[in-house]
Every structure is written in C-alpha cells, then in structure tokens.
Amino acid sequence: MGYSLRRTVSSLLATVVFLTLFTILGWAQGGPPFRSDDPDTPGNNNWEINVFGTADRNPVLGLYETPDVDINYGIGHRIQLKFEIPLSMSEVRGPSGHLDAGLGNSLMGVKWRFYAHHPKSQLKGKPGERESTFGLSTYPQFLVSNPTRSVGRDIVEPGPQFLLPVEANAKFKAVLVSAEVGYWFTNQHVPRSWIMGTVVGHEFENKSELFVELYDQRDVRAVGVEPKLRESTIDIGARIPILGDEYVQFIGSVGRSIVPVNATNGQPSWIAQAGVQFLIGARRHSSDYIDPAKENDQQP
C-alpha cells in the first residue's frame, strides 16, 4: 500500500471515528482548557477568568499564546459576555526559522443558553432518583485585529472574523458530555472553516474533572495558492481545584493529531494548554444544575 493511499485510508478512518463519536455523544464541559465550548454560563453576576498559555505546533510552524487572558461575566443564568486577548507568538521552523511576538487579536462574544432542561426529580429535591439534564446554546464571537504590527509581521491572521456556533451538553450523574458545531466567516485573506468538538468526562468526589476531547477544524476553501488545511486532534484535559471550593483551579490539556502529520497537511504534532481559572461567585455549573428554580425553563 503506497504512502498516499495509507494516508488517505488513515484520514478516512479518523474522520469516521470522529463523526461516529460526535453523533453518538453529540450532546462535559468545554471552554478552557479545551478547544470547544459548552452551554454553561458563570451565573448571574459571576465572573470566570482564565489566564493560560496555548501551543499548536507542526513540522513547519508553531503558534503560541501566552499569556492568554479570557474574561467572562454572567448576566442572569442564560447570558455570558466574553472578552479575550493574548500575547501571540509565531514560530517558523527550519534552518531559517525565527520567532516573532506581538499583541494578538481580540475576541468578543455573547453566549445565550436558550434551552435548559431540569428533571422533575431534581426540582422536587429527591436525590435518590436518577438525574439528568441538558442544555442548548449559541455563542457568536467576533474577532478583530488590534492596531499593532502583528498582522503585518504574520504573527496573527487579519480580522475581522466571525464565529457562529451551536453548543449542547448533558449530564448523567458524574458523566458530563458536551459538543459544539460552528462556522468561521472570514475575510478574503483567511480560509472559511467548519469546527466540531466533543468533550466527555467525569467529575470526581474532590471536584476534580478529567476529560477527553475530539476536535476538528477544516477549511472550506483555499486562499490563493495555499492548500486547504485541517486539524483533527484528540486531547486529554483536567480541572483541579487548588484553592478554596473550586474558586481557583488548575486547567490543562495536552494532545496531538489523530491522523499522520507531515509538512503540508497542517496537522499538529502536538497541542497544549495550561493555566489557572478563577471563579468569582457560585461554581461554574451551579446555575445550570443545582438552582433551576431561578429559571423559567423547568419544562422541556
């Protein structure tokens, strides 16, 4: 079997596995340290602040953001406002390689959790009964370039760009599952792309969380002479309380491409995120699962 045929078969199998899992699970908590997001919001007047670093590296290019500051604020129990800005670095690898750094693009968004279901057993306060819940949201995000030289130095892609996704999640006892599907509307200099992500995990008694994520981003069209690229990755991540009752948590993940990596297909040799999450107010998903009486969405 030739190399190109093996690569085609490997890519096809990876796509089938990803889409199968996505379809089966299709409904854990996304957001940092993961690439996809979920319908959960911080809760009314609560803050979620993530300070972390990211790395995405392949044989010819490395993209890093450190620090990346992601600030989120809850309005009621359905709305989340977001502002994120990193210090970005772009590494060209090889004999003539170099590393450039500058202010990254700003990302602003509004998450609206438009549906949440809480079982009657939970509303009636019967802990002995089986509990499950799920939610749906949309999370439009707008990326803009800052008035610096970062775009001209090829550190970041030019804005404006607009992401329109839909998220879903479900909880059954200690098993958490979430999924996201979205589309990046871009400009003439940046390929448009689809994103899909699925996260499955478990919450332990000490409130630590361990998750596995499958993520895929593929270009819809090429720009100029550049080929269409794709990233299909798997990563393992965790949130671990380090101070107080989950109000300060370590967040981290590490992963790589699930298909063969070469110098032309854009697949990452490895990806990673690590940092600290500050939760100011109630716990991240308490407004979703513990206090449904504050919302008028008890019925499906």
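Nothing here was measured: the structure is a model prediction, and the numbers come from that model.

On to the overall build of the chain. Helices and strands together make up the secondary structure of the chain, namely 3 helices and 14 strands. Residues counted as buried form 47% of the 300 residues belonging to the chain. Within the structure as shown, the chain displays about 14,400 Å² of accessible surface, and the carbon and sulfur contribution to it stands at 65%.

Turning next to the pattern of salt bridges. By the definition in use, this model includes 12 salt bridges. One salt bridge connects Asp 70 with Lys 82, and the closest N-O pair in it is separated by 2.8 Å. In this pair, Asp 70 is assigned in strand S2 (residues 61-75) and Lys 82 in strand S3 (residues 79-92), connecting sequence segments 12 residues apart. Both residues of the pair, Asp 70 and Lys 82, count as buried. Ionic contacts of the salt-bridge type, sharing partners, join the residues Arg 35, Asp 56 and Glu 231 into one network.

In this structure, Leu 107, Leu 143, Leu 163, Trp 184, Ile 195 and Tyr 215 together form the largest nonpolar core, which totals 6 residues. Contact partners of Ile 195, with chain neighbours within four places excluded, come to Leu 163, Glu 180, Val 181, Gly 182, Trp 184, Tyr 215, Asp 216 and Gln 217.

Moving on: the packing of aromatic side chains. Going through the model one piece at a time under the given rule, you end up with 7 aromatic pairs. Consider the rings of Trp 112 and Phe 114, whose centres lie 5.4 Å apart with planes at 55°: the pair is tilted. In this structure an aromatic cluster arises from ring pairing among Phe 162, Tyr 183, Phe 185 and Trp 194.

Looking at the chain, the pLDDT average stands at 83 and 78% of residues meet or exceed 70. For the chain, the element scoring lowest by mean pLDDT is helix H3 (residues 286-289), at 41; strand S7 (residues 141-144) scores highest, at 98. Contacts from residues 125-131, a stretch scored under 50 in pLDDT, to residues over four places away or in other chains number 13 contacts. Between residues 284-300, whose pLDDT stays under 50, and residues either more than four places distant or in other chains, the model counts 56 contacts.

Let's shift gears to the pairing of strand S11 (residues 209-219). Looking at chain direction, strand S10 (residues 193-203) and S11 are connected through 11 bridges and run antiparallel. Its bridge partner being in S11, Thr 198 is matched across the sheet by Leu 214. Bridge analysis of S11 against strand S12 (residues 230-243) gives 10 bridges, and the strand direction is antiparallel. Within the sheet, the bridge partner assigned to Asp 216 lies in S12 and is Ser 232.

Positionally, Asp 56 belongs in strand S1 (residues 47-57). We classify Asp 56 as buried; its relative accessible area is 14%. In this structure Asp 56 touches Arg 35, Leu 61, Gly 62, Leu 63, Glu 231, Pro 268, Trp 270 and Ile 271, once residues within four positions along its chain are discounted.

Further remarks concern the side chain of Asp 40. Tracing the backbone through its elements, the reader meets Asp 40 in the loop between helix H1 (3-25) and S1. Exposure remark for Asp 40: the relative accessible area of 1% places this residue in the buried category.

Moving on, we come to unusual backbone geometry. Each neighbour pair has its own omega, and for Pro 32 with Pro 33 the value is 10°, a cis peptide bond. Tracing the sequence through the fold places Pro 33 in the loop between H1 and S1. With an omega of 0°, the peptide bond running from Gly 159 to Pro 160 counts as cis. Its place among the elements puts Pro 160 in the loop between S7 and strand S8 (161-172). A positive phi is found at Asp 154, a non-glycine position, where the angle reads about 60°. Topologically, Asp 154 is positioned in the loop between S7 and S8. For Asp 154, a relative accessible area of 60% gives the class exposed. The backbone phi angle of Lys 207 is positive, close to 75°, even though this residue is not glycine. When you line up the elements, Lys 207 lands in the loop between S10 and S11. On the basis of relative accessibility, which here comes to 33%, the residue Lys 207 falls in the partly exposed class.

Conventions and cut-offs
- Residues numbered from 1 in each chain as written.
- Predicted model: local features only at pLDDT ≥ 70, side-chain atom pairs only at ≥ 80, totals over all residues.
- Heavy atoms only, no water.
- Helix = DSSP H or I, 4+ residues; strand = E, 2+ residues; numbered from the N terminus.
- Buried < 20%, exposed > 50% of the residue type's maximum accessible area, 1.4 Å probe, protein only.
- Areas by Shrake-Rupley, 256 points an atom, 1.4 Å probe, with all protein chains shown as cover.
- Salt bridge = Lys/Arg side-chain N within 4 Å of Asp/Glu carboxyl O.
- Core = buried A, V, L, I, M, F, W, Y, C linked by side-chain atoms within 4.5 Å.
- Contact = heavy atoms within 4.5 Å.
- Phe/Tyr/Trp six-rings, centres within 6.5 Å; stacked < 30°, edge-to-face > 60°.
- pLDDT = per-residue confidence, 0-100.
- Pairing = 2+ DSSP bridges.

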